[in-house]
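Here's the letter readout for the chains.
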Amino acid sequence: MDILFAALLLVLAGGLAPLALHRWLSAAKVAHVSLVAAGCLTGLYGVYAAWGQSTPVLFSCPWLHSLTWSLSLDSLATAFLPPIFLLAPVIALYSYDYLDAVEHAWRTAVNHFFFSLLVAAMVLVTLADNMAAFALAWELMSLSSYALVLYDYEREETQRAAHLYLLFTQTGALLVFAAFGLLAQSTGSLAFAQIQLAPQAAKTAAFFLALIGFGSKAGVFPLHIWLPHAHPAAPSHVSALMSGVMIKMGVYGILRLYFLLNDFNPLFARTVLVLGMVSGVLGVVYALSKREIKRLLAYSSIENIGVIFIGCGLGMVGLSSGNRIMAAFGFAGGLLHVLNHALFKSLLFMGAGAILHTVGARKMDQLGGLMKTMPVTGRTFLAGSVAISGLPPFNGFVSEFLIYYAAFQGLGLQGPDFLLSMAAIIALALIGGLAAGCFTKVVGIVFLGEPRREHAHAATDPGPTMGAAMTLLAVACLGIGLWPEPFIRFAFAGLRDLAPLAAVSADVLGAVPHNLAVIARVFVGLLLALTALRRLLYRGKPVSQNTTWGCGFTQATSRIQYTGASYSLSIVDFHRPFIKTTTKFAALVRIFPGATQYSRKVEDLAEIGLHRLLVRPVLKIADKLRWIQHGHIQLYIGYIVFTIAALLLVV
Amino acid sequence: MINSIDLILVLILLAVLLSLGSSRMMALIKIMALQGAMVSLVPIFIEPQARLSNGGILFFQLMLLIKAVLIPGLLYMALNRIAIKREVEPLIGYHASLLVGLGLVMLSAYITRRMGLSLPGDYALLLITAITTTGGGLFLMMSRTKAITQVIGYLMLENGIYLVGTALTKHTHNIYLVEFGVLLDLLAGVMIMGIILHNINRAFDDVDTAYLEQLKD
């Protein structure tokens, strides 16, 4: 635990140093990157040192007389800490070249400060062992990420997105604290260890309150509205950290509370599983329909959170029905997917940021052909896309395979659990296919073909640290895919301290990791062999290169290429009842038609629902109560006085 | 010992009544300085002298300095700068205000009894004084039009809260949590109100809060 405190201090120092050094921008950035990296490596060492110990490491000290500040490092925390400690230094490295505006030196320093604060807060959230410590760390995390989103604070769009995020995160926090309040009231203690003594009704209410609260942080389907607004508005390294790591804290919260409640109610399991399926499928369908890269990636995060929820939901179903193997595989798959998604989603956001940084276009239909001009970004982005689609030689396949395995175990159950396991398999297959479709769209439109606008011609690869960060993550994605065994063991070890799963040892794994490794290696071998074969067969033969989609024409215009909308049209329309599209198109009438226009807009059902069911009624009531605000200060104070007097005299 | 405490509390009560009845700004500020000094003396007389630590003594000195010298001084300067020497301009007349003040004393005696808090020692007057001071501050804020009177009302309110804090913390003053909180509130409040006063004066050439009604949307 002391090592972790040292790590936290280093990370925080990495946030304070740029504030002091902001006059010398590169010195500030070097200090930030090196201190954050040193802190995170120390933290990784601390996690590794705690790994071998069989009991959780505890720490507590009194705080403000009435509260205790207690932390613990158990196996679930050690499963969630590595993504934070691995990603934070890589993202900091990326931000070195990404935040290169000299005229914004102070802003960059402040951004570095809140970055460090967010990393430290996330570490504290995973370590917290009582409600007070958790609540404090949770709020710190929400507020520092809010400040990070506000980097471009002059833009109105950014302000709106940040306020929307603040609204969601604070409402979520309110619900989580309400759940804590219910539990603390019924047990009379703030300690996490006492939670399991709460009565049944309090447990159920607390679980569902916290599910909504943590779910809004994680971005589960009907509660995800802030994600597609905040991510495009935030700078790309912030999106990478928030989408890659921070939203997983919502998953951590749900898992932590579920195991603390020690109540394996099938209702909890089924709710989480269904939420996961809904958010997985709809997330990827909405992602397919989006035109901005970062918005698309935000929806894809919702999809991956859905996959993680499916894994955890299957684990919970396994626990409630007594199938320990299913439980272990489900939870382990979820935990591994947390790490994997952190790696490839950060990679993809970094790629999107590199494009934004050098080309300056947000819409995919303005880009094209970037694979030739930005080889590093293009190849790493391709690696991330293959990984996120869950295809074999990469890491996404490994975790999704574990979740599939859990779902297939569930086929032996009875009644609704059988149906849900079946639905989970179908949903996972659907998600995988749609995700592949979604990312072929991104890679195809953005990186292949010909540039659609002039500025895409001039693009070059971004600065060396951005390239290095992306390459590192791409190599990590491939590495986990090729050597999955230690990582699968890592995910299973994350379940070690959880009482109901303690009996399941890693022996259930059997030959699974080995076979996974073989599959991945065979794929890579096949790829290498085919490439070599192609080289061999084409040796000495002339190979001519022409414009993509030229199809024999030499003067083809780049506007004849597929657009994102035309590529995804049929898939999106297939899901019509769950996705609302409005198309504006004046039909062609004459034989020689004049100029015409086609535009297509996809709206989020959850956003429409929120607007209709909550925002509009509240605004209506607020309008009716406008007379209360009249401008007399004396009467405002009068309101306060009468409220206090009434409270003192009556209550 | 009891007598000196009662004396101080009575002085605080009288200061409340006096402030409700006074018509001049300058007089009001002087009354506030007196009340601040008295309020910051209360804990010293409640606490057994032997238990006062060095930090405690330093803290009470600081309290006295801020409440009795610094804040009234700041208000005095603000008053000089925006040059209002005129009347307090009440919405409710001075005599009626005094009557309300007396009513407040009775009401707080009733509330104290109704809440039935068992205070250590027999400082029965302490809570009554505290609630009266709080109520008096709120009443001052409600019934006067000048923005600076609102500041003074706010100060009186904070004095009352400070007294409640002293009454309720059972005199285990080793962290001074309530006191520090009140002090911070107070300083921040006076600073902010100073800025606001200046802005109101610049925008409307007067510090009458009636002008602020124009700002509502």
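Note that this is a predicted model, so its numbers are computed, not measured. (Residues numbered from 1 in each chain as written. Chains lettered and ligands numbered in written order. Predicted model: local features only at pLDDT ≥ 70, side-chain atom pairs only at ≥ 80, totals over all residues.)

## What to know about the overall build of chain B
For step 1, the next point in the chain: Regarding its fold elements, chain B presents 7 helices and 0 strands.
For step 2, the next point in the chain: In sequence order, chain B lays out its α and β elements as α-α-α-α-α-α-α.
For step 3, the next point in the chain: In chain B, the proportion of contacts linking residues at least 24 apart, taken out of those at least 6 apart, comes to 75%. (Helix = DSSP H or I, 4+ residues; strand = E, 2+ residues; numbered from the N terminus. Contact = placed C-beta atoms within 7 Å.)

## Re the overall build of chain A
For step 1, the next point in the chain: Secondary structure assignment for chain A yields 23 helices and 4 strands.
For step 2, the next point in the chain: Against the globule reference of 26 Å for 651 residues, chain A gives a C-alpha radius of gyration of 26 Å, in line with a compact fold.
For step 3, the next point in the chain: Based on the C-alpha atoms only, the size of chain A along its principal axes is roughly 90 × 70 × 60 Å.
For step 4, the next point in the chain: Out of the 651 residues belonging to chain A, those deemed buried represent 51%.
For step 5, the next point in the chain: In chain A, 79% of the contacts between residues at least 6 apart in sequence involve partners at least 24 apart. (Rg over C-alpha atoms; globule rule 2.2 N^0.38 Å. Buried ≥ 20, exposed ≤ 12 C-beta atoms within 10 Å, placed from the backbone.)

## Remarks on the domain arrangement of chain A
For step 1, the next point in the chain: According to the domain assignment, chain A consists of domain 1 (1–153 + 161–252), domain 2 (265–528 + 558–580) and domain 3 (609–650).
For step 2, the next point in the chain: Between the C-alpha centres of domain 1 of chain A and domain 3 of chain A the distance comes to 35 Å. (Domains from an automatic or database assignment.)

## Describing the nonpolar core
Residue and element names in this part refer to chain A.
For step 1, the next point in the chain: Counting residues in hydrophobic clusters, the biggest one holds 209 residues, and the most contacted among them are Leu-118, Met-122, Ala-210, Ala-332 and Cys-477.
For step 2, the next point in the chain: If one sorts the elements of this core by residue count, helix H13 (residues 324–358) sits on top with 20 residues.
For step 3, the next point in the chain: Summarising the domain contributions, this core has at least three residues from each of domain 1 (1–153 + 161–252) and domain 2 (265–528 + 558–580).
For step 4, the next point in the chain: Non-local contacts of Leu-118, meaning those with residues more than four positions away in its chain, are made with Met-141, Ser-144, Ser-145, Leu-148, Leu-241 and Met-246. (Core = buried A, V, L, I, M, F, W, Y, C linked by C-beta atoms within 7 Å.)

## What to know about the pairing of strand S4 (residues 598–603) of chain A
Residue and element names in this part refer to chain A.
For step 1, the next point in the chain: Of all the 6 residues making up S4, 0 are buried; the element is thus mostly uncovered.
For step 2, the next point in the chain: Strand direction decides the pairing type here: strand S3 (residues 580–585) and S4, joined by 6 bridges, are antiparallel. Each bridged residue has a counterpart across the sheet, and for Thr-583 the counterpart in S4 is Arg-600. (Pairing = 2+ DSSP bridges.)

## Thoughts on the packing of helix H2 (residues 25–51) of chain A against helix H4 (residues 105–127) of chain A
All names here are of chain A.
For step 1, the next point in the chain: Where H2 contacts H4, the two axes come as close as 10 Å, and the packing angle between them is 5°. One element, H2, and the other, H4, form an angle in the roughly parallel class. Of H4, the residues touching H2 (which contributes Leu-25, Ala-28, His-32, Val-36 and Gly-43) are Ala-105, Thr-108, Ala-109, His-112, Ser-116 and Val-123.
For step 2, the next point in the chain: Considered class by class, the residues forming the contact of H2 with H4 number 6 nonpolar, 5 polar and no charged. (Axes fitted to C-alpha atoms, helices over the stretch in contact; angles between N-to-C directions. Parallel < 35°, antiparallel > 145°, perpendicular 65-115°, else oblique. Nonpolar A, V, L, I, M, F, W, Y, C, P; charged D, E, K, R; others polar.)

## Some details on unusual backbone geometry
For step 1, the next point in the chain: Not every positive phi belongs to a glycine, and Asn-262 of chain A is a case in point at roughly 55°.
For step 2, the next point in the chain: When you line up the elements, Asn-262 of chain A lands in the loop between helix H10 (248–261) and helix H11 (266–288).

## Points about the environment of Ile-388 of chain A
Residues and elements named next belong to chain A.
For step 1, the next point in the chain: Among the structural elements, Ile-388 can be located in helix H15 (residues 375–388).
For step 2, the next point in the chain: Take Ile-388: there are 31 C-beta atoms within 10 Å of it, and that puts it in the buried class.
For step 3, the next point in the chain: Here the alpha-carbon distance between Ile-388 and Phe-177, two residues 211 residues apart in the chain, equals 34 Å.
For step 4, the next point in the chain: Beyond its immediate stretch of four places on either side in the chain, Ile-388 contacts Ser-300, Phe-344, Leu-348, Gly-396, Ala-435 and Phe-439.

## Section: the environment of Leu-625 of chain A
For step 1, the next point in the chain: Within the secondary structure layout, Leu-625 of chain A lies in the loop between helix H22 (605–624) and helix H23 (633–650).
For step 2, the next point in the chain: Taking the C-alpha atoms as reference points, Leu-625 of chain A and Gly-415 of chain A, 210 residues apart in sequence, are found 51 Å from one another.

## Remarks on the packing of H13 of chain A against helix H18 (residues 464–482) of chain A
Residues and elements named next belong to chain A.
For step 1, the next point in the chain: For the pair H13 and H18, interaxial distance at closest approach is 9 Å and the crossing angle is 150°. Considering their axes alone, H13 and H18 lie roughly antiparallel with respect to each other. Crossing geometry of H13 relative to H18 is assigned as left-handed. Contacts between H13 and H18 pair Asn-340, Leu-343, Phe-344, Ser-346, Leu-347, Met-350, Gly-351 and Ala-354 from the former with Met-466, Ala-469, Met-470, Leu-473, Ala-474, Ala-476, Cys-477 and Ile-480 from the latter.
For step 2, the next point in the chain: Here the contact of H13 with H18 is composed, by residue class, of 13 nonpolar, 3 polar and no charged. (Left-handed = near helix turned anticlockwise from the far one by under 90°.)

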